[in-house]
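# Per-entry structural report
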Amino acid sequence: MITVIDYGMGNLRSIENAFRYLGAKTKITDNPKEIEKAKKLIFPGVGNFRKAIENLKRKKIDSAIKKSIKKGASFLGICLGFQLLFEKSEEAPKVQGLNIIKGKVLKFKKVKIPQIGWNQIEIEKKSKILQGIKDYSFFYFMHSFYVEPLDKEIIVAKTNYGKVFCSAIESKNIFGVQFHPEKSGEVGLKILKNFVQLKC
Amino acid sequence: MLAKRIVACLDTDLGIKGGRVVKGIKFKKIRYAGLPWELAERYYKEGIDEIVFLDITASHESRQTMVEVVRKTCQRVFISITVGGGIRNIKDAKKLFRAGADKISINTAAIQNPRLVKELSESFGSQAVVVAIDAKRRKDWFECAIYGGRKFTGVDAISWAKKVAELGAGEILLTSMDRDGTKSGFDLGLTRKISESVSIPVIASGGAGKKEHFLEVFKKGKADAALAASLFHFKEIKIPELKKYLKEKGVNVR
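Residues numbered from 1 in each chain as written. Chains lettered and ligands numbered in written order. Predicted model: local features only at pLDDT ≥ 70, side-chain atom pairs only at ≥ 80, totals over all residues.

We now examine the overall build of chain B. Of regular secondary structure, chain B possesses 10 helices and 12 strands. What you see for chain B is a C-alpha radius of gyration of 17 Å, in line with the 18 Å of a compact globule of 254 residues. Classification of the 254 residues of chain B by burial places 56% in the buried group. Excluding contacts between residues fewer than 6 apart, the proportion of contacts in chain B whose partners are at least 24 apart in sequence is 65%. (Helix = DSSP H or I, 4+ residues; strand = E, 2+ residues; numbered from the N terminus. Rg over C-alpha atoms; globule rule 2.2 N^0.38 Å. Buried ≥ 20, exposed ≤ 12 C-beta atoms within 10 Å, placed from the backbone. Contact = placed C-beta atoms within 7 Å.)

Below you can see the structure in the form of structure tokens.
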């Protein structure tokens with residue numbers, strides 16, 4: 001069972017459809033108790049950093065996420081859901097992120113923003129989530145901000161958009177991708193399939 | 001590097017049960033091309049980069065039908081989907097996002113109420129808000145039209161493009177009304193002017209007739225994406241062949 005965290009930010013239908021297509025069951029929930037006991041969590045999201053944190057706090061999902069990660073649940077943050085794991089973001093300098101991963105979220109400069117469209121990933125190291133994905137595969141991005149983890153060892157893929165930025169991480173049971181696997185055709189579905197097949 | 005995108009537009013008549021994709025010439029419809037979700041799936045499998053559904057009926061009744069079309073499409077098509085036509089407010093947009101749309105595109109409602117662009121981008125993020133501009137060439141400027149090209153506004157397309165970018169639009173879908181349906185090529189001058197005036201991506205539309213047109217709109221028109229409809233519907237250009245051609249010519253495509 002894949003638990004999809006619903007905090008009012010973004011396209012949950014597409015995530016649900018992608019897992020259904022892969023034959024995996026999903027549960028979409030905003031209930032902190034269910035999130036806390038979940039074994040596999042998807043943390044999607046598009047939109048504004050500040051608004052997202054406000055929603056998470058109001059629904060008391062922030063602490064539930066932390067607890068489930070501590071218990072060892074496999075966790076995949078997508079796009080804004082990936083960025084929210086960090087300490088802070090230039091999008092909302094006064095707001096604290098979830099602070100689960102050390103590092104910050106920065107805004108692109110001197111390029112057209114948002115970055116919208118298909119860009120390639122350069123695979124930095126082996127990762128469970130990138131199994132079977134060829135180097136330089138194209139994924140679909142839609143974002144104006146990118147993450148900069150403090151610990152470079154967790155970076156598993158990078159992407160070039162005016163500058164080279166971190167597009168995927170793996171840190172123990174935590175995975176994060178800046179692109180949208182649910183909108184990246186076959187290669188994207190492969191990533192979600194890898195997540196489904198992870199052993200807990 | 002970020003790839004240049006090829007976008008398929010499905011102009012959809014929702015007056016018919018379930019909806020049909022139509023092809024219009026200069027904003028007047030002529031023939032039916034198929035069921036919207038079936039065509040979308042065909043393009044997805046052929047390697048299209050994005051799909052745009054445009055509700056050409058844009059009536060109150062058609063809105064729910066479009067929600068159904070999006071819902072059906074998203075079950076089997078795993079790429080970005082944009083919906084435009086008749087979206088007037090946050091509520092309309094929300095229904096489409098819930099059904100699985102990634103972006104919505106607005107034209108008439110934005111010109112009549114520019115604040116809507118700001119409200120939409122604040123609610124759903126800039127990346128989800130496309131402003132469509134239908135531009136008609138005048139002597140030394142370009143005029144914006146609304147209501148599917150039926151009404152002219154006196155608004156200058158370049159200033160309007162700058163304005164919507166400031167208001168938080170994430171992309172501009174720029175249609176040349178002079179070229180639409182003519183297959184004589186994109187309006188390169190118009191596309192380049194708009195693309196160089198704003199710091200958000202521009203999708204060029206109107207006039208695609210052969211592969212070379214796509215090459216020039218990327219190289220000379222500075223477009224970030226290029227859109228076509230009938231060319232793909234009736235298989236005059238096949239998507240894999242178009243991409244192969246562009247790659248050979250040095251354009252970065254997926």
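Once you've had a look at it, read on.
A few words now on the UniProt feature "domain: Glutamine amidotransferase" (unreviewed entry) in chain A. UniProt records the feature "domain: Glutamine amidotransferase" (unreviewed entry) at residues 4-196 of chain A, using the numbering of this structure. This span, residues 4-196 of chain A, is 27% helix and 31% strand, and a straight line between its end C-alpha atoms measures 13 Å. (UniProt positions renumbered as here; feature names shortened; annotations may be inferred.)

Attention now moves to the interface of chain B and chain A. Many analyses report the size of an interface as the accessible area lost when the parts associate. With 28 residues of chain B in contact, the opposing surface of chain A contributes 28 residues. At 3 residues, helix α3 (residues 90-99) of chain B tops the list of elements feeding residues into the side of chain B that touches chain A. Here the side of chain B that touches chain A is composed, by residue class, of 13 nonpolar, 8 polar and 7 charged. (Nonpolar A, V, L, I, M, F, W, Y, C, P; charged D, E, K, R; others polar.)

The subject of this paragraph is the UniProt feature "active site" (unreviewed entry) in chain A. Residues and elements named next belong to chain A. Here, UniProt's "active site" (unreviewed entry) annotation points to Cys79, His180 and Glu182. Spanning 104 residues, the named residues form one tight spatial group whose C-alpha atoms are at most 11.1 Å apart. Assignment of secondary structure puts His180 in the loop between β13 (174-177) and α6 (185-197). If we skip the residues at most four places from it in the chain, His180 touches Ile78, Cys79, Tyr140, Met142 and Gly188.

Moving on: the UniProt feature "active site" (unreviewed entry) in chain B. All names here are of chain B. The positions that UniProt labels "active site" (unreviewed entry) are, in the present scheme, Asp11 and Asp134. Using a count of 24 C-beta atoms within 10 Å as the deciding quantity, one classes Asp11 as buried. Inspection of the secondary structure puts Asp134 in strand β7 (residues 129-137). Not counting residues up to four positions away in its chain, the partners in contact with Asp134 are Asn107, Cys144, Ala145, Gly149, Thr175 and Met177.

Another aspect to go through is the pairing of β7 of chain B. Residue and element names in this part refer to chain B. Most of β7 sits inside the fold, with 7 of its 9 residues counted as buried. By the bridge criterion, 6 bridges tie β7 to strand β10 (residues 171-176) in an arrangement that is parallel. The partner of Ala135 across the bridge, within β10, is Ser176. Two strands pair when backbone bridges link them, and β7 and strand β8 (residues 142-146) are joined in this way by 4 bridges, in the antiparallel orientation. (Pairing = 2+ DSSP bridges.)

This paragraph deals with the environment of Lys193 of chain A. Position of Lys193 of chain A among the secondary structure elements: in helix α6. A C-alpha to C-alpha distance of 8.0 Å links Lys193 of chain A and Phe19 of chain A, two positions 174 residues apart in sequence.

All names here are of chain B. Examined against the element boundaries, Lys103 turns out to sit in strand β6 (residues 103-106). Lys103 gets classed as buried once you count the C-beta atoms within 10 Å, which come to 26. The spacing of Lys103 and Arg137 is 34 residues in sequence and 28 Å in space, taken between C-alpha atoms. Here Lys103 is in contact with Ser80, Thr82, Ala128, Val129 and Val130, once residues within four sequence places are set aside.

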